[in-house]
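Secondary and tertiary structure notes
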Amino acid sequence: MKDGDGWTRCSAGHDHWGVYGAAGLLLVAPGPAVLLQHRAIWSHHGDTWGVPGGARGSEESPVQAALREASEETGLDAATVTVLGELVDDHGGWSYTTVLARAQTELPVHALDRESTDVRWVPVEGVTGLPLHPGFAVTWPLLRTRL
Ligand SMILES: [Zn+2]
């Protein structure tokens, strides 16, 4: 399901990765802590923290895309997480869906793809102390109220 890979421009004039939109996984574990990914310095909005995720395939739902991408990037076992809901950030012509999900514990994770330098469980109180990906920075206050 890599037919969604590519750049596209939304109605607001931003360039975004994912011709069919993109999706990410906000996974929360007791603590509470959330699973965040540190993006490689050379990547789009590099050297920032955000949720694991990426381009949707044309036949994929946002939930399927978010779970697939998060598994590929962190090695987490997507079968063990419970999906709680979705938050859509619609830019017009392009959208980013954050899928909220719950894990029973802080699952073992590792940075597996070259676009991430680290993946880590971050206490919810500590999230805003990190340099955040601009898209995640916008949605985090909303997402936090739904955890
Ligand atoms: Zn946009």
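Refer to the structure printed above.
The rules behind these values
- Residues numbered from 1 in each chain as written.
- Predicted model: local features only at pLDDT ≥ 70, side-chain atom pairs only at ≥ 80, totals over all residues.
- Heavy atoms only, no water.
- Donors = N, O, S within 2.8 Å, 3.2 Å for Na, K, Ca; no water.
- Tetrahedral: all angles 85-135°; square planar, octahedral: opposite > 155°, others 65-115°.
- Helix = DSSP H or I, 4+ residues; strand = E, 2+ residues; numbered from the N terminus.
- Buried < 20%, exposed > 50% of the residue type's maximum accessible area, 1.4 Å probe, protein only.
- Core = buried A, V, L, I, M, F, W, Y, C linked by side-chain atoms within 4.5 Å.
- Salt bridge = Lys/Arg side-chain N within 4 Å of Asp/Glu carboxyl O.
- Pairing = 2+ DSSP bridges.
- Contact = heavy atoms within 4.5 Å.

1. Structural notes on the coordination of the zinc ion
The protein atoms donating to the zinc ion are Cys10 (SG), His14 (ND1), His16 (NE2) and His91 (ND1), with metal-donor distances spanning 1.9 to 2.2 Å. Seen from the zinc ion, its four donor atoms lie at angles of 100 to 131 degrees, and the figure they make is tetrahedral. Positions of the donor residues of the zinc ion, expressed as sequence spacing, correspond to C-x3-H-x1-H-x74-H. Here His14 is found in the loop between strand S1 (7-9) and strand S2 (15-17), whereas its partner His91 is found in the loop between strand S7 (82-90) and strand S8 (95-102), with 77 residues between them in sequence. You can call His14 partly exposed: its relative accessible area is 37%.

2. What about the nonpolar core?
Leu25, Leu27, Leu76, Val81, Leu107 and Trp121 are the most contacted members of the largest nonpolar core, which totals 20 residues. Elements with a contribution of two residues or more to this core: strand S3 (22-29), strand S4 (33-39), helix H1 (62-74), S8 and strand S9 (116-123). Formed by 15 residues, the second largest nonpolar core is a distinct cluster that contains Val122, Val127, Leu132 and Leu143.

3. Quick word on the pattern of salt bridges
Applying the stated criterion across every chain yields a total of six salt bridges. A salt bridge links Arg68 to Glu69, with the nearest nitrogen and oxygen atoms 3.2 Å apart. Classification of Arg68 by relative accessible area gives buried; the value is 17%. A relative accessible area of 6% places Glu69 in the buried class.

4. So, the pairing of S4
Counting buried residues along S4, seven of its seven residues qualify, which places the element largely inside the surrounding structure. For S3 and S4, the ladder comprises two bridges, and the chain directions are antiparallel. Pairing of Val28 across the sheet is with Val34, part of S4. Linking two consecutive strands that pair antiparallel, namely S3 and S4, is a turn of three residues; a positive phi of about 150 degrees is found at Gly31 within it. In this sheet, strand S5 (residues 49-50) lies alongside S4 in antiparallel orientation, the contact comprising two bridges.

5. Thoughts on the environment of Ser116
In this structure, Ser116 sits in strand S9. When the C-alpha atoms of Ser116 and Pro52 are compared, they prove to be 8.8 Å apart, with 64 residues separating the residues in sequence. Aside from chain neighbours lying at most four places away, what touches Ser116 is Gln37, His38, Arg39, Ala40, Glu73 and Ala111.

6. Observations regarding the environment of Ala29
Within the secondary structure, Ala29 is located in strand S3. Using a relative accessible area of 3% as the deciding quantity, one classes Ala29 as buried. Once residues within four sequence positions are removed from consideration, Ala29 is found in contact with Ala103, Thr105, Glu106 and Trp121.

7. So, unusual backbone geometry
A cis amide bond links Gly31 with the next residue in sequence, Pro32, at an omega value of -10 degrees. In this fold, Pro32 is placed in the loop between S3 and S4. A positive phi angle is found at His45, which is not glycine, with a value near 50 degrees. On the secondary structure map, His45 appears in the loop between S4 and S5. Backbone geometry places Asp47, a non-glycine residue, at a positive phi of 60 degrees. Mapping Asp47 onto the fold places it in the loop between S4 and S5. Exposure remark for Asp47: the relative accessible area of 38% places this residue in the partly exposed category.

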